[in-house]
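Topology and contacts: notes
So you can see what is in the structure, the chains are spelled out below.
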Amino acid sequence: MLLKHRTPLTLTDNDVTPHRVYLNRRNLMLGGIATTALAACGEASGDDGPSATQAAPKGALEYAKSAYTTSETQTPFEQATTYNNYYEFGTSKTDPAARAGQLVPEPWSIKVSGLVGKPGVYDLETLMKQQLEERIYRLRCVEAWSMVIPWIGFPMSALIDMVEPLGSAKYVGFKTLYRPEQMPGLRYPILDWPYEEGLRLDEARNPLTLMAVGMYGQLLPNQNGAPIRLVVPWKYGFKSIKSIVEIAFSDEQPATSWNKSAPQEYGFYSNVNPAVSHPRWSQATERRLDGRGGLAMLTRQETLPFNGYADEVASLYDGMDLAKFY
Ligand code: MTE
């Protein structure tokens, strides 16, 4: 079965109907950054939100619907928040949901360094002043399972414009929080901590590249990378680094955790490619977690080049041999 998405991926008036997400008790429990978000987003006003009959709570998180969407069945919230990879909390799929409650994702800031005109420490409030939008993306893990997740965030390009990279900047490196007292998985030398990832600057600027602060209309649960993570939908999921605390611009390809750990299995580019097998398994098909197969994950489907986003990103790799492992 082939996946489909709407093209062209441009906004229309219908796609930008404003939505308001009201922070509720669940947000407070799951996200843990509600107070930060409240401070960041100001007062809710008007009566057109989903809670129109209720008094608007102080400081609703606002976002717009975007054309970056798919009509494919969404992964149930429950599954997307209990079947996770977040090795800082353990290597089993259920460890992050069980243990990430210990993480305190506020206050939060991201240190921006390297080849930029405006290096510095940017707090989450400042970053969340960007226009937030909902993007429903496919997420394809290198382990050959996949989900469809409605993220809320802002384009990485907005952050890049804000910090004004120098002409010499060619790459962006990201680091996850390293806080052993709240992240029990850091005790084990599975990876060279902290978790690091990277993109070429033009990949980071691509309109699909998202800095996510929420999902399913709520602030990001800790296990999904609260309070802010990357989402790069045409690459294997390990590129979508969680709980980011550092972003560095450079003229050299940054080291990445999985590449350092097993360079023959995890390349720097790691674009989803059904034609290039992982050394230990095929990438031709994937198990879609979207409730259709239940928790047994029986729904197997074909994997598409660039995870179905070839129209948007294939040109980034003109001249590169896509059959080669990068
Ligand atoms: N980021 C950090 N810091 N640590 C991780 O272990 N796992 C990656 C990625 N980001 C990971 C990470 C992998 S392998 C995947 S598939 C996705 O997060 C999973 O994101 P999800 O749990 O929100 O579905």
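Notes on the structure follow. (Residues numbered from 1 in each chain as written. Predicted model: local features only at pLDDT ≥ 70, side-chain atom pairs only at ≥ 80, totals over all residues. Heavy atoms only, no water.)

**Notes on the sheet that holds strand β12 (residues 244-250)**
Sheet strands pair via backbone hydrogen bonds, and the direction of the pair is either parallel or antiparallel. Stated precisely, the cut-off is as follows: Pairing between two strands is assigned when DSSP locates at least 2 bridges connecting them. To qualify as a helix, a DSSP run of H or I must reach at least 4 residues; to qualify as a strand, a run of E must reach at least 2; elements of each kind are numbered from the N terminus. Only the stretch in contact is used when fitting a helix axis, every axis being a line fitted to C-alpha atoms; angles between N-to-C directions are given from 0 to 180 degrees.
Pairing within the open sheet is mixed, and its five strands lie in the order β4-β3-β12-β7-β8. Looking at which strands have only one partner, the edges of the open sheet turn out to be β4 (120-123) and β8 (196-200). Ignoring which end each strand starts from, the neighbouring axes of this sheet average 20° apart. Alignment of strand β3 (residues 109-114) against β12, held across four bridges, turns out to be parallel. Opposite Val112, over in β12, you have Ile247 as the bridge partner.

**Overview of the packing of aromatic side chains**
Formally: Stacked, tilted and edge-to-face pairs are distinguished by plane angle, under 30 degrees for stacked and over 60 for edge-to-face with tilted covering the rest, among Phe, Tyr and Trp rings (Trp via its six-membered ring) whose centres lie within 6.5 Å. The rule is short: NZ of Lys or CZ of Arg within 6 Å of the ring centre and within 35 degrees of the ring normal puts a charge over the ring.
In this structure the tally under the stated criterion is twelve aromatic pairs. Residue placement shows Arg135 over the ring face of Tyr68; its charged tip is 4.0 Å from the ring centre. Seen from the ring of Tyr309, Arg138 lies directly overhead, with NZ or CZ sitting 4.5 Å from the centre.

**Looking at the environment of Pro227**
The test is simple: Burial status follows relative accessibility: with a 1.4 Å probe on protein chains alone, a residue under 20% of its type maximum counts as buried, one over 50% as exposed, and anything between as partly exposed.
Here Pro227 lies in the loop between β10 (218-219) and β11 (229-231). Overall, Pro227 belongs to the buried group, its relative accessible area being 0%. The spacing of Pro227 and Ser109 is 118 residues in sequence and 9.7 Å in space, taken between C-alpha atoms.

**What to know about the site of the ligand**
Our working rule: Throughout, the term near means that a residue has one or more heavy atoms lying within 4 Å of the molecule or strand in question. For the purposes of these results, a polar contact is taken to be a pair of N or O atoms within 3.5 Å, where, inside protein, one atom must be able to donate a hydrogen and its partner to accept one; residues adjacent in sequence count only when each atom of the pair is a side-chain atom. Methods summary: accessible areas were calculated by the Shrake-Rupley approach with a probe of 1.4 Å, and residue burial reflects only the protein chains presented. Residues are called lining when one of their atoms sits within 4 Å of a cavity or pocket point, these points coming from a 1 Å grid over the protein atoms alone, where a cavity is a set in which a 1.4 Å probe fits but cannot get out and a pocket is an open set with protein on both sides within 12 Å along at least five of seven lines. Cavities and pockets are treated as containing a molecule whenever more than half of the molecule's atoms lie within 2 Å of their grid points. Nonpolar residues are Ala, Val, Leu, Ile, Met, Phe, Trp, Tyr, Cys and Pro. Charged residues are Asp, Glu, Lys and Arg, and all others, Gly as well, are polar.
Of all residues adjacent to the ligand, which total 17 residues, the nearest are Asn84, Tyr87, Glu88, Arg229 and Lys242. Contact between the ligand and Arg229: an oxygen atom at 2.7 Å from a side-chain N or O atom of the residue. One of the side-chain nitrogen or oxygen atoms of Lys242 is found 2.7 Å away from an oxygen atom of the ligand. Burial of the ligand by the surrounding chains reaches 98%, relative to a free accessible area of 540 Å². In a pocket analysis with a 2 Å cut-off to the grid points, the ligand is assigned to the largest pocket. Its residues assigned to classes, the shell around the ligand shows eight nonpolar, six polar and three charged.

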